[in-house]
There are 2 protein chains.
Amino acid sequence: MAKPIDKLARERNFCVIMAGGVGSRFWPESRNSRPKQFLDFFGTGQSLLQMTVNRFRDLVPIENILIVTNVLYKDLMLEQLPELKPEQILCEPARRNTAPCVAYAISHISGIMGRRMGIKSIADVDWNDDASHANIIVAPSDHLILREDKFIETLKVGLHHISEHDSLLTLGMRPTRPETGYGYIQLDCAEGKKENAVLPVKTFTEKPNLDLAKVFFESGEFLWNSGIFLWNLRAIRKAFRTHQPTIADVFKEGDEVMSTPAEEAFIQEKFPTCPSISLDYGILEKAADVRVIYADFGWSDLGTWGSLYDLGKKDENKNVALHGNTLFYESNGNVVTLPEGNLAVIEGMQEMIVAQNGNVLLICRKENEQSIRQIVAEVENKFNGKYT
Amino acid sequence: MAKPIDKLARERNFCVIMAGGVGSRFWPESRNSRPKQFLDFFGTGQSLLQMTVNRFRDLVPIENILIVTNVLYKDLMLEQLPELKPEQILCEPARRNTAPCVAYAISHISGIMGRRMGIKSIADVDWNDDASHANIIVAPSDHLILREDKFIETLKVGLHHISEHDSLLTLGMRPTRPETGYGYIQLDCAEGKKENAVLPVKTFTEKPNLDLAKVFFESGEFLWNSGIFLWNLRAIRKAFRTHQPTIADVFKEGDEVMSTPAEEAFIQEKFPTCPSISLDYGILEKAADVRVIYADFGWSDLGTWGSLYDLGKKDENKNVALHGNTLFYESNGNVVTLPEGNLAVIEGMQEMIVAQNGNVLLICRKENEQSIRQIVAEVENKFNGKYT
C-alpha cells in the first residue's frame, strides 16, 4: 500500500508574490524604473520585496516562491533576489490586473505538480488525487508586516485549513482606525471573532468614504482586506473555471507548456488576450466558500504617505524622517525622505510630505497626497517620462 | 617740456573687486567651497563675479582689474576668470574685514605705479607727482546691477571727480523701500539731490530697524550704502595713514616688495597681523572729505533670499523659480532654486524658500530667512563641515 500523502508537507507549499505595481503614489521615491516594492522605505537594508520573500522562508521552500511581475523588472528582481532562479520570475508582458496574474501563477504551479506526478499535460492531471495537492499563498510584494511571528502563526492556521478544505481564504486585519484607504471585508457572522478564527464572509467592499469607514469601524463586523490569500490548487483552479472561464480558457491552451521552456513564448502571445480584472471582483466576490482569517499582526499596505508617516518614528514634534538627515525647526507633523547621506533643514513647515529622489523634489500637503497620482500623470505628459 | 599727464587716461583706472565672502545666508546654494559670488543665481550663464568683472571692462583695462579673495578660492577665480593673470588675484591668508583688504590692494597698486615711474620702493614715490595718479574703483563681487549703462555713467562722473579731487567717494542708491537689510548714508544737505550729483555726507548708519528705516525712507535725506567706492591713490593712502595707522604701518613694511614676486610671502606673514575692521567704520566714518554720488541704476546687494525673490520673475501666483523646473499647485509667494535639470513639484505651500543644492535641501519661511545663518552654524558644528 502506498504511503498516505501528507497534504501539509513543506514541498507542497507555494507562495505567489504579486510584484507588478508601479507605485506612482510614492513618486518621486518610486519611479517607473524602480517601483515601491524595490525600495528600502524604512532604512532596514532590505527592500519591501526582499522583506516579503524572507518572511515566507519558514513555510515555503525557496524554490517554491514565485514572483509575478512586469517583464521590465525581471533584471531588478534577480538582482534583489539572487537566490531565485530566472524561471521563478513569471513575467507579465502586459498589465492585466490581479486575476490573470494569479491565473498565470496557478497554471505554472499546475505544471510543476503535473511533472512531479510524471504527467506531461496539465489536462491529464486528476485534481482529486491527493498527489496533486498544493497549498498556495498569494501576497502582494509591497506591504509591511510588523509582527512576523504572528503572521507565521496565522499562515499556519490558514495552511491547515486549506489542506483540508477547498475554501478560498483571505486574511482580514483587525481595523485600528476608520481608514478610507483600504477595502473592507464584512463578516457574515461576527460571533466567534477572535484572533486566527476562520470565519465566513458576507461581502467585500471597496474603499469607503470617511462616514462609512466610521460605521464599518464601529460596527465590529468589518475587517481590513489585506489582499493576502490562501487556497489549495484544486479550489482555485475550480474557481477560475467557474467564475472566469475566459481566463481559464486562455491558460488551458498552455496545458502542455506551462513550467517548461516553452512557457515564456506562450505567455508572451496569450497573456495579453486576458481581460483585465481584479481577483477580488473576478473571483472572491463571486465564489461560494470564501472565508476570512481574523488576523492581527501589525499590517499596512503602505499605499499612502500617510501610512508611512503613521508607521514612522516620530520626534517630539511629530516629524518623521524616513531616510537621510533632517533637522526640523518650528515644524510639526511632516514626513521627509531624502537620498541616503543627504541633509534637509526644514524651518516653519507643518503637515507636509517632502520626498527628494534623483532629479525630483516633491513637497505636498499630507492631506492632499491623493493628488500625487494626478500630478505624476501631468509630469509624465509634460516632460515625456524624464522625471517619472 | 614733458607732455602734461592725463589723469583720466584709461591705463590709470584700476578696479578692486572684493570677493572674500562665504555667503552663508545663501546656504545651501552657496557653500564654503563655492560662495555666492561664484554662483549663477539668475541662470544667465555668468556668475555674479563674472558679471561684476565684465561691467568694468569699458572703463578699466583688464590687466588693471584686481580681485581680493581668500586663498581658498584662488583656483576657482582663475577658472571663472581665465583672462586674469594669477598675480591679479590678491589672496588674503586670513579674514580681516574690508579695511585690510582694501589696504592690500592699494599697496599693490602703489607698487605698480611706482614701477611705472621707474621707482623701486613705494616709500620713494612722490604722491604729489601727477605721474603717480591712479583712479581706483572698489566694488563687491556679488551685487546685482540691472542698468549697466546708467552704472557706467555714474562711474564716469565719479572718475572725473576723483581725477580732480582727493575726496573719498561712495555710491549712494536712491532707496525704493524702507529696507532694513542695508546701511544708509545721510546727506549733509539734500539740496541739489539729482541723479549723479556729488553730494556731501553727514553720517553713515548701520542697518536700521523697520521703524527707523521708514523714517529714513520718508525723510528724503538718506541713500542706501552700496559699498561701491571711488578715490584716487593719493587720497586713500593718506586716509589710511591718518585714520588706520596700524594698517598703514603693516603695509609700509612691504614698500619694496609689493607687486613683485616677493609680495606673496610678505602678505602671508604680515597680513594676518592687521586688525579686523571695516572700511566704513575704519575710514569712511572718520575721513573729512567724504562724498556720495546720488545713483539710481537698479542695484541689489543680493544679501537675502528676499532680494532674490524681489528680483525674480514671478508667475501668476507670485512664485519664483530661479533654477530648474518647478510646477506649483495651490502655492503662492515661494522662491525655489534647484540643480539645473531637476524638477520640483510644490503643492499647497506658501511664502517659503526652497533651495536644493548638492547633498542639502533647505526649506524655510521667507520671513525667517535671517535664521539661516544660525542654522548653518549649527549644521557646521553638528556635521563637521559635511554639508557646509
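1. What to know about the overall build of chain A
So, point 1. Within chain A one finds 11 helices and 17 strands.
So, point 2. For chain A, whose C-alpha radius of gyration is 22 Å, the value lies close to the compact-globule estimate of 21 Å for 388 residues.
So, point 3. When the backbone C-alpha atoms are referred to their principal axes, chain A occupies close to 75 × 50 × 35 Å.
So, point 4. A burial count over chain A gives 56% of its 388 residues as buried.
So, point 5. Within chain A, counting contacts between residues at least 6 apart in sequence, those at least 24 apart form 67% of the total.
So, point 6. When the accessible area of chain A is evaluated, it comes to approximately 16200 Å², of which 48% is carbon and sulfur surface.
So, point 7. Distance between charge centres in chain A, computed from 43 positive and 52 negative side chains, equals 1 Å.

2. Things to note about the relation of the copies chain B and chain A
So, point 1. Each copy of the sequence occupies a distinct position, and chain B is placed on chain A by a rotation of 179° and an axial shift of 0.1 Å, giving an RMSD of 0.1 Å. Between the two chains, the operation in question is that of a two-fold axis. By C-alpha distance to the rotation axis, the residue of chain B lying nearest is Met349(B), at 4.3 Å.
So, point 2. Comparing contact sets, 100% of the residues at the interface of chain B also lie at the interface in chain A, consistent with an isologous, same-surface contact.

3. With respect to the environment of Ala197(A)
All names here are of chain A.
So, point 1. Along the chain, the position of Ala197 falls in the loop between β7 (184–187) and β8 (198–205).
So, point 2. Residue Ala197 is classed as buried on the basis of its relative accessible area, which comes to 11%.
So, point 3. Sequence separation of Ala197 and Val60 is 137 residues, and the distance between their C-alpha atoms is 22 Å.
So, point 4. Excluding residues that lie within four positions of it along the chain, Ala197 makes contacts with Gly192, Val292, Ile293 and Tyr294.

4. Focus: the packing of helix α3 (residues 98–116) of chain A against helix α6 (residues 233–243) of chain A
Packed helix pairs are characterised by how far apart their axes lie and by the angle those axes make with each other.
Residue and element names in this part refer to chain A.
So, point 1. It is the contact of α3 with α6, at a shortest axis distance of 11 Å, that shows an interaxial angle of 130°. Taken together, the axes of α3 and α6 lie oblique to each other. Seen from above, α3 lies across α6 with left-handed handedness. Residue-level contacts link Ala99, Val102, Ala103, Ile106, Ile109, Ser110 and Met113 of α3 to Leu233, Ile236, Arg237 and Phe240 of α6.

5. Notes on the packing of aromatic side chains
So, point 1. Applying the stated criterion across every chain, the model contains 30 aromatic pairs over all chains.
So, point 2. Note on Phe229(A) and Trp231(A): the rings are 5.4 Å apart at their centroids and 10° apart in plane angle, and the pair reads as stacked. Like Phe229(A), the residue Trp231(A) is buried in the burial classification.
So, point 3. Their ring planes at 70° and their centres at 4.9 Å tell us that Tyr182(B) and Trp224(B) sit as a pair that is edge-to-face. Here the residue Tyr182(B) occupies a position in the loop between β6 (168–173) and β7 (184–187), and Trp224(B) occupies one in strand β9 (residues 222–232), the gap between them amounting to 42 residues. Just as Tyr182(B) is buried, Trp224(B) falls in that class too.
So, point 4. The structure contains a cluster of three or more aromatic residues connected by ring pairs, namely Phe56(A), Phe151(A) and Phe297(A).
So, point 5. Over the face of the ring belonging to Phe151(B) we find Arg55(B), whose NZ or CZ atom lies 5.9 Å from the ring centre.
So, point 6. One residue, Lys314(B), lies across the ring of Tyr309(B), its end atom 5.0 Å from the ring centre.

6. Quick word on the interface of chain B and chain A
So, point 1. Counting residues at the interface gives 35 residues for chain B and 35 residues for chain A.
So, point 2. Between chain B and chain A the total buried area reaches about 2800 Å² when both faces are included, carbon and sulfur atoms providing 57% of it.
So, point 3. Its largest share of buried area at the contact with chain A, chain B owes to Leu343(B), Glu347(B) and Leu361(B), together 23% of the area lost on that side.
So, point 4. Inspection of the region where chain B meets chain A yields 4 salt bridges.

7. Things to note about unusual backbone geometry
Leave glycine aside and you will find that most residues have negative phi; peptide bonds, for their part, are mostly trans.
So, point 1. Of note, the amide linkage connecting Trp27(A) to Pro28(A) takes the cis form, showing an omega dihedral of 5°.
So, point 2. The phi angle at Asn384(B) is positive, at roughly 50°, despite the residue not being glycine.
So, point 3. Positionally, Asn384(B) belongs in the segment after α11 (371–383).
So, point 4. With relative accessibility at 71%, the residue Asn384(B) sits in the exposed group.

8. Side note on helix α4 (residues 148–164) of chain A
So, point 1. Taking 1.5 Å as the rise per residue, α4(A) with 17 residues should run 24 Å; its terminal C-alpha atoms sit 25 Å apart, in good agreement.
So, point 2. Buried within α4(A) we find Phe151(A), Ile152(A), Thr154(A), Leu155(A), Gly158(A), Leu159(A), His161(A), Ile162(A) and Ser163(A).

9. Topic: the sheet that holds strand β12 (residues 320–323) of chain B
So, point 1. Spatial ordering of the open sheet is given by β13(A)-β15(A)-β17(B)-β16(B)-β14(B)-β12(B), a layout of 6 strands whose pairing is mixed. At either margin of the open sheet sits one strand with a lone partner, and together these are β13 (325–329) of chain A together with β12 of chain B. Averaged over all neighbouring strand pairs, the angle between strand axes comes to 10°, with direction disregarded.

10. Re the pattern of salt bridges
Residues and elements named next belong to chain A.
So, point 1. Overall, the coordinates contain 36 salt bridges over all chains when judged by the stated rule.
So, point 2. In this structure, Arg241 engages Asp249 in a salt bridge whose closest nitrogen and oxygen atoms are separated by 3.0 Å.
So, point 3. Using a relative accessible area of 37% as the deciding quantity, one classes Arg241 as partly exposed.
So, point 4. Asp249 sits in the partly exposed class, given a relative accessible area of 40%.
So, point 5. Each of Glu253, Glu269 and Lys270 takes part in one network of salt bridges that share partners.

11. What to know about the packing of helix α6 (residues 233–243) of chain B against helix α7 (residues 245–252) of chain B
Residue and element names in this part refer to chain B.
So, point 1. Viewed as axis vectors pointing N to C, α6 and α7 meet at an angle of 115°, and their least axial separation amounts to 5 Å. Contacts from Phe240, Arg241, Thr242 and His243 of α6 reach α7 at Pro245, Ile247, Ala248, Asp249 and Lys252.
So, point 2. By residue class, the composition of the contact of α6 with α7 is 4 nonpolar, 2 polar and 3 charged.

12. A few points about the environment of Val336(B)
Residues and elements named next belong to chain B.
So, point 1. Assignment of secondary structure puts Val336 in strand β14 (residues 335–337).
So, point 2. On the basis of relative accessibility, which here comes to 0%, the residue Val336 falls in the buried class.
So, point 3. Taking C-alpha positions, Val336 is 9.2 Å from Ile363, a pair spaced 27 residues apart along the chain.

13. What to know about the pairing of β7(A)
Residues and elements named next belong to chain A.
So, point 1. Side chains of β7 alternate between two faces, with Tyr184 and Gln186 and Ile185 and Leu187 buried alike.
So, point 2. As defined by bridge partners, β7 adjoins β8 across 4 bridges and the pair is classed as antiparallel. Each residue of the ladder has a partner; that of Gln186, found in β8, is Thr203.

14. Re the sheet that holds strand β15 (residues 343–347) of chain B
So, point 1. The sheet built from 6 strands is open, its strands ordered β12(A)-β14(A)-β16(A)-β17(A)-β15(B)-β13(B) with mixed pairing. Since the sheet does not close on itself, it has two edges, and those belong to β12 (320–323) of chain A together with β13 (325–329) of chain B, each with one partner. Each strand of the sheet is rotated relative to its neighbour by a mean of 10°, with strand direction disregarded.
So, point 2. Sheet analysis places β13(B) next to β15(B), joined by 5 bridges and oriented parallel. Bridging across to β15(B), Phe328(B) finds its partner in Ile346(B).

What counts, and at which threshold
Residues numbered from 1 in each chain as written. Chains lettered and ligands numbered in written order. Predicted model: local features only at pLDDT ≥ 70, side-chain atom pairs only at ≥ 80, totals over all residues. Heavy atoms only, no water. Helix = DSSP H or I, 4+ residues; strand = E, 2+ residues; numbered from the N terminus. Rg over C-alpha atoms; globule rule 2.2 N^0.38 Å. Buried < 20%, exposed > 50% of the residue type's maximum accessible area, 1.4 Å probe, protein only. Contact = heavy atoms within 4.5 Å. Areas by Shrake-Rupley, 256 points an atom, 1.4 Å probe, with all protein chains shown as cover. Lys, Arg positive; Asp, Glu negative; His and termini not counted. Charge placed at Lys NZ, Arg CZ, Asp CG, Glu CD. Least-squares fit on C-alpha atoms with pLDDT ≥ 70 in both. Axes fitted to C-alpha atoms, helices over the stretch in contact; angles between N-to-C directions. Parallel < 35°, antiparallel > 145°, perpendicular 65-115°, else oblique. Left-handed = near helix turned anticlockwise from the far one by under 90°. Phe/Tyr/Trp six-rings, centres within 6.5 Å; stacked < 30°, edge-to-face > 60°. Lys NZ or Arg CZ within 6 Å of the ring centre and 35° of its normal. Buried area = accessible area lost by both parts, 1.4 Å probe. Salt bridge = Lys/Arg side-chain N within 4 Å of Asp/Glu carboxyl O. Expected span 1.5 Å × (residues − 1). Pairing = 2+ DSSP bridges. Nonpolar A, V, L, I, M, F, W, Y, C, P; charged D, E, K, R; others polar.

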